[in-house]
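# Summary of the model geometry
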Amino acid sequence: MKPYNDTETSQFIYREFSQDIDEDELVWHRDQRDRRVTVLNETDWQFQFDNEIPQVLKDTIFIPKNIYHRVIKGTGNLNIQIQEL
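Now for a quick tour of the structure. In this convention, every chain numbers its residues from 1, walking through the sequence in written order. Predicted model: local features are reported for residues with pLDDT of at least 70 only, side-chain atom pairs are reported and counted for 80 or more only, and whole-chain, interface and lining totals are derived from all residues. Excluded from the side-chain calculation are hydrogens and water; included are all heavy atoms of the structure.

With that settled, the discussion passes to the nonpolar core. Among buried residues, those of type Ala, Val, Leu, Ile, Met, Phe, Trp, Tyr and Cys that are joined through side-chain atoms within 4.5 Å constitute a nonpolar core. For the exposure calls, accessible area comes from a 1.4 Å probe over protein chains only, and a residue counts as buried if that area is under 20% of its type's maximum, exposed if over 50%, partly exposed in between. Residues F17, W45, L57, L78 and I80 are the most contacted members of the largest nonpolar core, which totals 17 residues. Those elements that place two or more of their residues in this core are β2 (13-17), β3 (35-39), β4 (46-49), β6 (60-63) and β8 (78-84). A run of H or I in DSSP counts as a helix once it spans at least four residues, and a run of E counts as a strand once it spans at least two, with each numbered from the N terminus. It is β8 that provides the largest number of residues to this core, a total of three residues.

Here's what the structure looks like:
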C-alpha cells in the first residue's frame, strides 16, 4: 500500500499525502521518468534531493529521472500535481 492517494487524468497525477501518515513511510526513492511537481496548497512539508539540504515545498520542482529524493512530513495534508515528462 502506498503512503498517498492518487487521482489520474490524461495529463496529470494529483497526489495527496495525509497529515496522519507515518514518517517511516516516506522513503528515499527515484522515479523512472522526469517529473514536474507543482504544490497545490500552502504547506511546511519539505523536499530533499540526495546530498542536498531539505527545502520547503512550494511552487514547482523539476525532478530528473533516477535521482534519489524524498518528501519530509510537515503539518496538514500535502497536495501536489505531477506531470511526467
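A word on the environment of R15. Inspection of the secondary structure assignment puts R15 in strand β2. By relative accessible area, R15 is classed as buried at 10%. Placed 64 residues apart in sequence, R15 and N79 show a C-alpha to C-alpha distance of 5.8 Å. We call two residues in contact whenever any of their non-hydrogen atoms come within 4.5 Å of each other. Not counting the four nearest positions on each side in its chain, R15 is found in contact with Y4, N5, D6, R35, L78, N79, I80 and I82. Here a polar contact is taken to be a pair of N or O atoms separated by no more than 3.5 Å, where protein atoms must pair a possible hydrogen donor with a possible acceptor and residues adjacent in sequence count only if both atoms sit in side chains. A distance of 2.7 Å separates polar atoms of two side chains, one belonging to R15 and the other to D6.

Between any two strands, pairing holds if DSSP finds at least two bridges. Spatially, β5-β4-β7 is the arrangement adopted by the three strands of the open sheet, whose pairing is antiparallel. One side of each edge strand has no neighbouring strand; the edge strands of this open sheet are β5 (55-56) and β7 (69-72). Examined bridge by bridge, β4 and β7 share four bridges and lie antiparallel to one another. Paired with Q46 across the bridge in β7 is I72.

Before going further, it helps to spend a moment on the pattern of salt bridges. By convention in these notes, a salt bridge is any Lys or Arg side-chain nitrogen within 4 Å of a carboxyl oxygen on Asp or Glu. Counted according to the given criterion, the structure contains four salt bridges. We note a salt bridge from R15 to D6, for which the minimum N-O separation is 2.7 Å. Taking relative accessible area as the criterion, D6 reaches 34% and is therefore assigned partly exposed. Notably, a salt bridge pairs R33 with E84, separated by 3.4 Å at the nearest N-O pair. Here R33 is found in the loop between β2 and β3, whereas its partner E84 is found in strand β8, with 51 residues between them in sequence. Its relative accessible area of 31% is what places E84 among the partly exposed residues. Each of D31, R33, R35 and E84 takes part in salt bridges that share partners, so that together they form one network.

Note that every value here comes from positions in space, so none of it alone points to a role or purpose.
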